[in-house]
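# Structure assessment
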Amino acid sequence: MKLSKIFIPTLKEVPSDALIPSHQLMLRAGMIRPLGAGIYSFLPLGYRLMKKVMEIIRDEMDGIGGQEFHLPALNPVELWEETDRVKAFGDTMFHIKNRALVLAPTHEEVICSIAKNHIRSYRDLPQIWYQIQTKFRNEARPRSGVIRGRQFLMKDSYSLDATWPGLDASYDAHAQAYKNIFTRVGLKFFIVGASSGAMGGSASQEFMVESEAGEDTCAICDGCGYAANIEVAASAVPGALKNGESAAVEEIHTPGVKTIDELREFLKVDESVLAKSLVYMAGQRPVMILMVGNDQLNESKLQVVLGADARPAHPDELKALTGADGGSIGPIGLDGFRIIADKRLEGANNLISGANKNDYHLRNIDLKRDTKIDAYYDLRTALAGEPCTTCSKPLRVIRAIELGHIFKLGTKYADAMKASFLDEHGKEKPIIMGSYGIGVERVIACHIEQSHDKNGIVWTKGLTPFHVHLVLVNANNAKITAVANDLNEKFEALLLGVLYDDRGDVSPGFKFKDADLLGMPLQVIVGEKHVANGNVEVKHRATGEREIIEIGKVVQYVEKYYES
RNA sequence: CGGGAUGUAGCGCAGCCCGGUUAGCGCGCCUGCCUUGGGCGCAGGAGGUCGCGAGUUCGAAUCUCGCCAUCCCGACCA
C-alpha cells in the first residue's frame, strides 16, 4: 500500500479534546475522526486494525464451534417487552421515533427468539452462535475516545445448552477462547470475578486491562491471584466484635452532629462502635441497612440482595418513616422496616447509632437484644491494603478497562420468552443460556494504552495494521527509488502487509516522524547512505534498535521476524 | 441527570476583562523555486456566518440573556 495513495491524515498537534494516549494517538495517526459525542468514523488505517482484530476473534470463535450470524440492529420494541428489558435499559436504549423499533444494545432477545422457533430437541443442542456487529447505547456520558461510545462494535456470542454441565463447558470454552484472543493481540490482561448486574445469571467474569483510563475498579491479590471487580470484591476485615457485657440503652444528646466523622469526634470513640444507618426503598418497602462506622456501602452488593430497582430513600421519605432526618436515624423502634446489616456487625453490642429523633443518638445498642436484624450480608466496599480473604496478603486496588465479559445466564431469557426443548425423556425444559461479549474498539485502544511512547504508537507482532513500514528517504533519487519499489513489490508478493512511504514531496524527517507515529513494528529505511553499499536499514519501533541488512536479504529478515 | 470548563480558518491558539481600523499568530493547504537521514528554506496566495438566536449600544468576537455543541468530574453503565 502506497502512502501517497492511502488516506491516512496524520496530525502533528494533539487535538485539544483528547486527553488519554489512545484517543490522542488514534486521532493523530489518522485512524479515527469524531462525528459527535461518542460517535467515531473509522478511517482506512483504523478500519484495517478493526479487521485484524475481527480476524483473530473469528478464528478463535470458530475454533470453539461458534457459528457466525448477522443479526439486525433494528429490533421491534415488543421483543424487548417480553423480557422486561425496555424498563431495565431505560434511557440507555435508543428508541426509534416514527416506528415501534429500538436500536439493539445487545442481542439476547433476538437469539432467544430464533432458538424458540427452531430449537425443538435436546438433539439440537448445544449451540454457540455469535456475531460481530454494531451496538447502540445511549450512554449518558461517552468518554475516553472509543473506549465508551454510543455506537461501537461488539463480538457477542450466546451459548444454548440442554444441561447445566453443558453451560459450564460452553462458558469454559469461551473463557479459553478469550484468553487466546487477548494473548494473540498482545495484551497484558487479567480476569476478575464480576457482578452479573441486570443481565442476571449465576456467574460472570470480566477480562481486564490495567489502566489509569479505566472506568472499573478491581481488587487484586498478588499473593494468591485473587482478583475481583470492586463490585463483588471481598476482604478479610475483622468484625466489630462483642465488646464486654451489653449495658442498658441510653439516649445521648448530640446537637448538630450529622456525619459519622462528626459523631466520632463528638463522642471521642472509635469508629468501630458506630453503626451507620442507611435507608433504601425496595419497591414500597423501606429497608434499613446498617454498616460499621465509615464503611462504604457497595451498591452492587446491595442490588444482589434487594433487586435492581432499590433506591436510596428521599429525605422527606426518611422523615416520614423514621421521624428524623439523615444523621439521626437508627435501628431501634422502627415499624414496618426490613433491617439488614453488614457482616462485620454480626454479634456486635454496645453500639452507637441514631435515635430516630433529631440531634439524639443511642448508645449500648445490642443488635440481638434490642432489634431484629433480618439478615447479615457482605455489603461493604473493599479497600486497598485490607487482607485477602484467602491468603491474608494486602489487596491492591487498581483501575482497569473491561475488554470482555462472560456470563452464565441460566434460564432467565428462555423462561421469559418460553424458549424450550424436549429432553430425552420427552420432558419440556427451558434452554440454558450463556452470553459473552468483546468490545472490538477497546481491544485496539487498550493495545495503544499499553504500547506507545512519546513518538507515537508501538504495534506488536500480534496486532499491527502492516507488517513493515518501508521508507523511501529521497524519491528524487532514481537509484534508491528503484530499490524501494522493488522491495515493495516483493513484500506485496509475499502477502506481507507493507506500508510504502513513496511520497515525493515530503522531507525525510517528516517521513521518519510519521513512521514512528504510525508505529509499525519494523521500519525498512531505503536511503542513499546505505544503498551505496548494497544495504538498507531496519529499525525496530519498540526498541529503536537499527540493523544494517543487505538489500537482497531484507525480505527474508522481515519474514523471519514474523515467524518467530 | 448534577457540577465545572470551552466554543474565533482543517488543527493548535491569541484577542474578550477595559466595546471602536481591514479579526491576528503558528501548523496545515495552493503556486513557484530550493532542499533531501529526523515534522527543511525562500517568495507569493487562498481560506472566517468569531457556535446559534435575541438584547443593550451610534457601534458587539468583546457586555447581558436564552439555546446548542464538545470536553472533564460525578451519578449511571448488559
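Everything numeric in this text was worked out from a predicted model, so none of it was measured. (Residues numbered from 1 in each chain as written. Chains lettered and ligands numbered in written order. Predicted model: local features only at pLDDT ≥ 70, side-chain atom pairs only at ≥ 80, totals over all residues. Heavy atoms only, no water.)

### Side note on a negative patch on the surface
- Taken together, the side chains of E78, E81, E82 and D84 present a region of like negative charge at the surface.
- Under the relative-accessibility criterion, E82 is labelled partly exposed at 39%. (Patch = residues over 30% accessible without salt bridge, like charges linked within 9 Å, V, L, I, M, F, W, Y side chains within 5 Å. Areas by Shrake-Rupley, 256 points an atom, 1.4 Å probe, with all protein chains shown as cover. Salt bridge = Lys/Arg side-chain N within 4 Å of Asp/Glu carboxyl O. Lys, Arg positive; Asp, Glu negative; His and termini not counted. Charge placed at Lys NZ, Arg CZ, Asp CG, Glu CD. Buried < 20%, exposed > 50% of the residue type's maximum accessible area, 1.4 Å probe, protein only.)

### Here's the deal with the pattern of salt bridges
- Here the structure, examined in full by the defined rule, presents 34 salt bridges.
- With a closest N to O distance of 3.1 Å, E215 and R143 form a salt bridge. Pair noted here: E215 is in the loop between β10 (203-210) and β11 (216-220) and R143 is in the loop between β7 (127-136) and β8 (151-161), with a separation of 72 residues, a long-range link.
- Judged by relative accessible area, E215 falls into the partly exposed class, the value being 24%.
- Look at R143 and you get partly exposed, because its relative accessible area is 32%.
- Here the residues in one salt-bridge network are D261, R264, E265, K268 and E271, joined through shared partners. (Helix = DSSP H or I, 4+ residues; strand = E, 2+ residues; numbered from the N terminus.)

### Examining the pairing of strand β21 (residues 396-410)
- With twelve of 15 residues buried, β21 lies mostly within the body of the structure.
- The pairing of β10 with β21 spans eight bridges and is antiparallel. In the sheet register, F207 faces β21, and the bridge partner there is G404.
- Note that β11 and β21 share five bridges and pair antiparallel. If you follow C218 over to β21, its bridge partner there is I398.
- Sheet analysis places β21 next to strand β24 (residues 432-439), joined by six bridges and oriented antiparallel. Note on β24: the bridge partner recorded for K408 is G434. (Pairing = 2+ DSSP bridges.)

### Here's the deal with the side chain of H530
- As for its placement among the helices and strands, H530 is situated in helix α15 (residues 528-531).
- Looking at H530, its side chain comes within polar contact range of the side chain of E537, at 3.4 Å.
- Leaving out residues up to four positions away in the same chain, H530 has contacts with N535, V536, E537 and I548. (Polar contact = N/O pair within 3.5 Å; in protein donor to acceptor, adjacent residues only side chain to side chain. Contact = heavy atoms within 4.5 Å.)

### Some remarks on the pairing of strand β18 (residues 351-354)
- Pairing analysis gives three bridges linking β18 to strand β19 (residues 360-365), with the strands arranged antiparallel. Following the sheet pairing, G354 is matched in β19 by H361.
- Here β18 hands over to β19 after five residues, with N356 in that stretch at a positive phi of 60°.

### Looking at the packing of aromatic side chains
- Considering all chains together, one arrives at nine aromatic pairs under this definition.
- Relative to Y436, the ring of Y171 has its centre 6.3 Å away and its plane inclined at 55°; by these criteria the two rings are tilted. Here Y171 is found in helix α6 (residues 164-184), whereas its partner Y436 is found in strand β24, with 265 residues between them in sequence. With respect to burial, Y171 and Y436 carry one shared label: buried.
- With 6.2 Å between their ring centres and 35° between their planes, F189 and F207 make a pair best called tilted. Here F189 is found in the loop between α6 and β9 (190-193), whereas its partner F207 is found in strand β10, with 18 residues between them in sequence.
- Judged by relative accessible area, which is 0%, F207 ranks as buried.
- Linked through ring pairs, Y178, F182, F189 and F207 together constitute an aromatic cluster.
- Its guanidinium or amino end placed over the ring of F466, R48 lies 3.9 Å from that ring's centre, counting from NZ or CZ.
- Above the face of the Y561 ring, K461 is positioned so that its terminal group lies 4.6 Å from the ring centre. (Phe/Tyr/Trp six-rings, centres within 6.5 Å; stacked < 30°, edge-to-face > 60°. Lys NZ or Arg CZ within 6 Å of the ring centre and 35° of its normal.)

### Things to note about the domain arrangement of chain A
- Partitioning chain A into domains gives domain 1 (51-225 + 397-448), domain 2 (250-377) and domain 3 (466-563).
- Using only C-alpha atoms to locate each centre, domain 2 and domain 3 end up separated by 69 Å. (Domains from an automatic or database assignment.)

### Observations regarding the sheet that holds strand β13 (residues 250-253)
- Reading across from one edge, β13-β19-β18 is the order of the three strands in this open sheet, with antiparallel pairing throughout. Edge positions in the sheet fall to β13 and β18, since each has one partner strand and no second. Each strand of the sheet is rotated relative to its neighbour by a mean of 30°, with strand direction disregarded.
- Relative to β19, β13 runs antiparallel, the two sharing four bridges. (Axes fitted to C-alpha atoms, helices over the stretch in contact; angles between N-to-C directions.)

### What about the environment of Y40?
- Considering the arrangement of structural elements, one finds Y40 in strand β2 (residues 39-42).
- It is 7.3 Å that separates the C-alpha atoms of Y40 and V146, two residues lying 106 residues apart in sequence.
- When sequence neighbours within four positions are dropped, the list of residues in contact with Y40 reads H23, I32, R33, P34, L35, G145 and V146.
- A distance of 3.1 Å separates polar atoms of two side chains, one belonging to Y40 and the other to H23.

### Details of the layout of surface pockets
- As a volume, the second largest pocket reaches approximately 380 Å³.
- If you trace the second largest pocket, you find 24 residues lining it, with K276, S277, L278, G326 and G327 closest to the centre.
- Among the elements of the structure, α7 (260-267), β14 (275-282), α9 (315-322) and β18 are those that each provide at least two residues to the lining of the second largest pocket.
- If you tally residues by element for the lining of the second largest pocket, the top one is β14, at six residues.
- Taken together, the residues that form the lining of the second largest pocket break down as 13 nonpolar, nine polar and two charged. (1 Å grid on protein atoms, 1.4 Å probe; cavity = no way out; pocket = protein on both sides within 12 Å on 5 of 7 lines; lining within 4 Å. Points joined across faces, edges and corners; volume = space filled by probe spheres on them. Nonpolar A, V, L, I, M, F, W, Y, C, P; charged D, E, K, R; others polar.)

### Digging into the packing of helix α2 (residues 44-63) against helix α12 (residues 440-450)
- It is the contact of α2 with α12, at a shortest axis distance of 9 Å, that shows an interaxial angle of 110°. Here α2 is positioned roughly perpendicular relative to α12, judged by the angle of their axes. On α12, the residues that touch G46, L49, M50, V53 and I57 of α2 are V440, E441, V443 and I444. (Parallel < 35°, antiparallel > 145°, perpendicular 65-115°, else oblique.)

### Quick look at the environment of R363
- Along the polypeptide, R363 turns up in strand β19.
- Considered as a pair, R363 and I147 are 216 residues apart in the sequence and their alpha carbons are 50 Å apart.
- Those residues in contact with R363, other than ones at most four positions away along the chain, are A248, V249, E250, I252, L351 and I352.

### Overview of the sheet that holds strand β30 (residues 535-540)
- The strand order across the open sheet formed by five strands is β28-β27-β29-β30-β31, and the pairing between neighbours is mixed. Every other strand in the sheet has two partners, leaving β28 (498-501) and β31 (546-550) as the edge strands with one partner each. Each strand axis lies, on average, 25° off the axis of its neighbour in the sheet, ignoring direction.
- As paired strands, strand β27 (residues 468-472) and β28 are joined by four bridges and run parallel to one another. Within β28, the position partnered with H469 by the bridge is L499.
- Along the sheet face, helix α14 (residues 508-518) touches β27, β28, β29 (522-526) and β30 and points at about 175° away from the line of β27.

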